[in-house]
Amino acid sequence: MPVNVRRSAFLDLCADYDPLLKPGAEGNDAALAVLTDFARIFDLAVDPDATAGGLWRQVRPLLVAQMGDLVGTSEGAGAAVGRVFLPATAALDSGPFLDGAAALSLLVVEDDPELAAAVVETLTDAGHQVVAMAATAEQAATLAALLAIDFAIVDVELEGPATGVELACQLHERWGVSALFVSGGPNEHLVDHHAALGFVGKPFNSAELLAAVTMAAALLRRTRR
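These notes cover the structure that comes with them.

Thresholds applied
- Residues numbered from 1 in each chain as written.
- Predicted model: local features only at pLDDT ≥ 70, side-chain atom pairs only at ≥ 80, totals over all residues.
- Heavy atoms only, no water.
- Helix = DSSP H or I, 4+ residues; strand = E, 2+ residues; numbered from the N terminus.
- Buried < 20%, exposed > 50% of the residue type's maximum accessible area, 1.4 Å probe, protein only.
- Contact = heavy atoms within 4.5 Å.
- Areas by Shrake-Rupley, 256 points an atom, 1.4 Å probe, with all protein chains shown as cover.
- Core = buried A, V, L, I, M, F, W, Y, C linked by side-chain atoms within 4.5 Å.
- Pairing = 2+ DSSP bridges.
- Right-handed = clockwise from strand over helix to strand, strands pointing away.
- Salt bridge = Lys/Arg side-chain N within 4 Å of Asp/Glu carboxyl O.
- Expected span 1.5 Å × (residues − 1).
- Polar contact = N/O pair within 3.5 Å; in protein donor to acceptor, adjacent residues only side chain to side chain.
- Phe/Tyr/Trp six-rings, centres within 6.5 Å; stacked < 30°, edge-to-face > 60°.

**Here we look at the overall build of the chain**
Move 1: Check the secondary structure of the chain and you find seven helices and six strands.
Move 2: Relative to its 225 residues, the chain shows a buried fraction of 49%.
Move 3: Partitioning the intrachain contacts of the chain with sequence separation of at least 6 by distance along the chain shows that 70% fall at a separation of at least 24.
Move 4: Surface accessibility of the chain: about 10100 Å² in total, with carbon and sulfur atoms responsible for 53%.

**Here's the deal with the nonpolar core**
Move 1: Core analysis: the biggest nonpolar cluster contains 26 residues, and Leu107, Val109, Val154, Leu167 and Phe181 have the highest contact counts within it.
Move 2: Leaving out residues up to four positions away in the same chain, Phe181 has contacts with Val154, Val156, Gly164, Val165, Ala168, Leu190, His193, Ala196, Gly198, Phe199 and Val200.
Move 3: Ranked by size, the runner-up nonpolar core spans 20 residues in total, among them Val130, Phe151, Val200 and Leu220.

**Description of the pairing of strand 3 (residues 129-134)**
Move 1: The sheet contact formed by strand 2 (residues 105-109) and strand 3 spans five bridges and is parallel. Bridge pairing in strand 3 places Val109 opposite Ala134.
Move 2: Tracing the backbone out of strand 2, into helix 4 (residues 113-125) and back to the parallel element strand 3 gives a crossover that is right-handed.

**What about the pairing of strand 6 (residues 196-201)?**
Move 1: The element strand 6 is extensively covered by neighbouring structure, given that six of its six residues are classed as buried.
Move 2: Of the strand pairs in this sheet, strand 5 (residues 178-183) and strand 6 are connected by five bridges, and their pairing is parallel. From the neighbouring strand, Val182 faces strand 6, where its bridge partner is Val200.

**Section: the environment of Ser206**
Move 1: Here Ser206 is to be found in helix 7 (residues 206-223).
Move 2: Between the alpha carbons of Ser206 and Glu121 there is a distance of 9.4 Å; along the sequence they are 85 residues apart.

**Structural notes on the pattern of salt bridges**
Pairs may arise between side chains of opposite charge once their charged atoms sit close together.
Move 1: Inspection of every chain in the model, using the stated rule, returns two salt bridges.
Move 2: Lys202 serves as the salt-bridge partner of Glu110, at 3.2 Å between the closest nitrogen and oxygen. One end of the pair, Glu110, is in the loop between strand 2 and helix 4; the other, Lys202, is in the loop between strand 6 and helix 7, and 92 residues separate them in sequence.
Move 3: Classification of Glu110 by relative accessible area gives buried; the value is 7%.
Move 4: Residue Lys202 is classed as partly exposed on the basis of its relative accessible area of 26%.
Move 5: Between Lys202 and Asp155 there is a salt bridge, with the nearest N and O atoms lying 3.2 Å from each other.

**Things to note about helix 2 (residues 29-41)**
Move 1: In this model, helix 2 (13 residues) spans 19 Å end to end at C-alpha, consistent with the 18 Å of a helix rising 1.5 Å per residue.
Move 2: Measuring from the backbone nitrogen of Ala30 back to the side-chain oxygen at the start of helix 2 gives 3.2 Å, which picks out Asn28 as the cap.
Move 3: One or two residues past the end of helix 2 sits Asp43, with phi positive at roughly 60 degrees.

**A few points about the packing of aromatic side chains**
Move 1: Scanning the model with the defined rule gives one aromatic pair in all.
Move 2: Seen from their ring centres, Tyr17 and Trp56 are 5.4 Å apart, and the 55 degrees between their planes marks the pair as tilted. Taken together, the positions of Tyr17 in helix 1 (residues 7-17) and Trp56 in helix 3 (residues 52-67) put the pair 39 residues apart, joining distant regions of the chain.
Move 3: Take Trp56: its relative accessible area is 1%, and that puts it in the buried class.

Pasting the structure below:
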């Protein structure tokens with residue numbers, strides 16, 4: 001399963017969690033909750049007595065394997081591979097990614113009704129709350145004005161006059177709501193859009209979607225500090 005991050009985002013993860021690998025290091029509950037999520041993304045069995053350091057020791061090499069030659073090479077900085085991408089986060093301060101494995105309030109904007117239903121089911125089964133669904137940018141903007149949303153999952157190619165990118169700009173500028181973009185086209189560059197938390201390429205499966213949501217939420221909460 002390709003769960004790939006940009007090199008700078010991977011280095012941020014290492015800065016946060018590599019200290020847990022030192023002898024005698026102790027992790028906190030927040031780190032344990034986040035790394036448990038990562039372990040489950042990679043289908044790792046999680047021992048109820050596992051430590052944060054122990055989980056990071058298992059997860060780190062899997063991330064390295066996914067990134068391949070990009071890790072440790074200056075030529076790979078900022079490159080994006082695979083289907084799940086994160087924006088560069090080098091300017092963000094270090095620290096634990098999440099204060100806990102909190103449920104999210106999400107807006108899903110997708111004009112394919114079958115895919116929209118599958119996305120909602122996946123998110124709901126994972127414990128998140130989909131506060132609203134929309135098939136067009138206009139519907140989504142109206143809903144965003146009324147609802148409290150952590151972020152939106154936005155298809156780039158929407159029916160109607162406005163694109164998903166235009167919607168993301170409006171959500172970000174008017175309500176401070178960022179977007180996790182999804183697209184079946186060559187739109188990976190949108191991972192660096194000012195309103196983006198990440199990008200997921202279609203087709204994607206449930207695990208890939210949840211991987212992107214988990215990591216996008218981590219980046220969002222860091223910027224809110």
